[in-house]
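# Secondary and tertiary structure notes
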Amino acid sequence: MLALSAEGILPRVDYAIFADTGWESRAVYDHLDRLEKEIATPAGIPVLRVTSGNIRNDALDPGHRFASMPLYILNKDGKQGMTRRQCTGEYKIKPIKKKVRDLLGYPYPQRISKSVFVEQWVGISTDEFHRAKDADVRYMRNVHPLIDMGWSRSDCTRYLTSIGLADTPKSSCLGCPFHGNAQWRQIRDNSPAEWQDVVEFDAAIRQGNARANATGSKLLGQAFLHRSRVPLSEAPIDHVTAAEKAALQDGADEWENGVPDGCSPWACRGDTAAPERSDFGLAT
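Scope of this entry: the structure provided in the associated data block. Not measured: the values here are computed from a predicted model. (Residues numbered from 1 in each chain as written. Predicted model: local features only at pLDDT ≥ 70, side-chain atom pairs only at ≥ 80, totals over all residues. Heavy atoms only, no water.)

### Let's talk about helix H4 (residues 87–104)
Compared with the 26 Å implied by 1.5 Å per residue over 18 residues, the 25 Å span of H4 between its first and last C-alpha is a close match. Of all the bends in H4, the greatest, near 35 degrees, is centred on Ile93, and the proline Pro95 appears no more than four residues after it. Every buried residue of H4 is accounted for by Cys87, Thr88, Gly89, Glu90, Tyr91, Lys92, Ile93, Pro95, Ile96, Lys97, Val100 and Arg101. Tucked into the core, H4 has its buried residues touching strand E1 (16–19), strand E2 (47–50), helix H3 (55–59), strand E5 (118–121) and strand E6 (140–143). Once H4 finishes, Gly105 follows within two positions and takes phi at roughly 90 degrees, a positive value. (Helix = DSSP H or I, 4+ residues; strand = E, 2+ residues; numbered from the N terminus. Expected span 1.5 Å × (residues − 1). Bend = angle between axes of the 7 residues up to and from the residue. Buried < 20%, exposed > 50% of the residue type's maximum accessible area, 1.4 Å probe, protein only. Contact = heavy atoms within 4.5 Å.)

### Brief notes about the pattern of salt bridges
Following the criterion strictly, the structure yields 17 salt bridges and no others. Where Asp155 meets Arg158, a salt bridge forms, and the shortest distance between an N and an O atom there is 2.4 Å. Remark: Arg158 and Asp155 occur in helix H6 (residues 153–162); sequence separation between them is three residues, near one turn of the helix. The class for Arg158 is exposed, based on a relative accessible area of 54%. A salt bridge links Arg185 to Glu256; the shortest N-O distance between them is 2.4 Å. Residue Arg185 is located in helix H7 (residues 181–190), and its partner Glu256 is located in helix H11 (residues 252–257); the two are separated by 71 residues in the primary sequence. Connected through salt bridges with shared partners, the residues Asp33, Glu36 and Arg49 form a single ionic network. (Salt bridge = Lys/Arg side-chain N within 4 Å of Asp/Glu carboxyl O.)

Right under this line is the structure:
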């Protein structure tokens, strides 16, 4: 959407916002730098980078309040579960809202004038139309230009290839539990340092996040990044047996390719940020 706007195919946007969880791959940060230098800046579009902190560091800091990641849990009795997903709301939606309020001139907790709102573009294509959601505050109105253009993921890929961006990486936390085996292999095989990082993190969160343990809310079972619920260093990321695929049934593709919906703000099937007190009852 940024490239389409810079090229004049879509209207010129005032800003592009990147919500940084602090734990993206080096490839994503390098790509963002390239987009800013080669596309956004020449077109006069500021790229704003916002953050609520570093999700990896926060999970391991006993003194820091932590919005939980969707970790895979194996209880002592063998039953399986998952922790709540709160990270999208805390590390993506929350800092975007804060920046939007600042841009509008109404920093929290000021009440926003009835006539003031932003039009926010969300990059959902036609084959993901079910992910399109309205914003949860009235001073932000979500628009989905790719759907309006009738563009599928394939159309987006062809366009990116035509402008020299065929190598666009997927944005996600390095240690996101929603990675599929293909994504885990990509990290292991192409970035040894980042693989070591996620393996160490996986071991460090075995008993849950540090803050919960420090406050007496210990995890009853064990937590894992990989859906097999074994340490990431031992997880079957190279091979999924026929029995495992049969057990997964319709979810077999997710085992290899990851959860298709991802964690994009206003497009994931998980949580949203805790609402601001002044978010309710406000006209735009």
